[in-house]
Amino acid sequence: MKKLIIHGDPGVRRDGVIEYDGEEYVLFSVDRQGDWHGPDRVQLWCTVGTEDEREAFEKREFVPHWLDTEGVEAEAVEVVRERGAA
């Protein structure tokens, strides 16, 4: 599990699936930043992981501040599924 800051909006939402750096990740949470007061492009602050890590996320069996954080441009993210089942 890690934090992924996506610069730009590739069109994904919570429970969506993305492929980044050769790995497939599920978006457990997505916080949209920058709509009102910049930066010039919106940022999506996502908690991502594998489906095996979902239970740990739901039970909060992790420390958010200790997660590895990576920044990536929206163009580097391939959207596999935009969102979970509605």
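The structure under discussion appears in the preceding block.
This is a predicted model, so every value here is computed, not measured.

Cut-off values and rules
Residues numbered from 1 in each chain as written. Predicted model: local features only at pLDDT ≥ 70, side-chain atom pairs only at ≥ 80, totals over all residues. Heavy atoms only, no water. Helix = DSSP H or I, 4+ residues; strand = E, 2+ residues; numbered from the N terminus. Polar contact = N/O pair within 3.5 Å; in protein donor to acceptor, adjacent residues only side chain to side chain. Contact = heavy atoms within 4.5 Å. Phe/Tyr/Trp six-rings, centres within 6.5 Å; stacked < 30°, edge-to-face > 60°. Buried < 20%, exposed > 50% of the residue type's maximum accessible area, 1.4 Å probe, protein only. Pairing = 2+ DSSP bridges.

**Student:** Explanation requested: the side chain of K2 in the structure shown.
**Tutor:** You can see K2 is positioned in strand β1 (residues 2-7). A polar atom in the side chain of K2 sits 2.7 Å from the side chain of E70. Discounting residues that sit within four places of it in the chain, K2 has contacts with Y20, Y25, C46, T47, V48, L67, D68 and E70.

**Student:** What am I meant to see in the side chain of R54 here?
**Tutor:** Here R54 shows up in helix α1 (residues 54-58). Within the structure, R54 has its side chain in polar contact with the side chain of D15 (distance 3.1 Å). Residues contacting R54, with those up to four places away along its chain left out, are D15, V26 and F28.

**Student:** Any chance you could explain the packing of aromatic side chains here in plain terms?
**Tutor:** Here a ring pair, both rings aromatic, is described through the centre-centre distance and the interplanar angle of the planes. Going through the model one piece at a time under the given rule, you end up with two aromatic pairs. Judged by centre distance (5.1 Å) and plane angle (20°), the rings of F28 and F57 are stacked. You can see F28 sitting in strand β3 (residues 23-33) and its partner F57 sitting in helix α1, a full 29 residues away along the chain. What makes F28 buried here is its relative accessible area of 3%. On the basis of an interplanar angle of 20° and a centroid distance of 5.8 Å, the ring pair of F57 and F62 is categorised as stacked. As far as burial versus exposure is concerned, F57 and F62 are alike and both buried. Cluster of aromatic residues (ring-pair linked, three or more members): F28, F57 and F62.

**Student:** When you look at the pairing of β1 in this model, what are you seeing that I'm missing?
**Tutor:** Every regular strand shows the same layout, with side chains that alternate between the two sheet faces. Taking burial as the measure, the six residues of β1 include five buried ones, the bulk of the element. Relative to strand β4 (residues 43-49), β1 runs antiparallel, the two sharing six bridges. Following the sheet pairing, I5 is matched in β4 by W45. Of the strand pairs in this sheet, β1 and strand β5 (residues 69-73) are connected by five bridges, and their pairing is parallel. Bridging across to β5, I6 finds its partner in V72.

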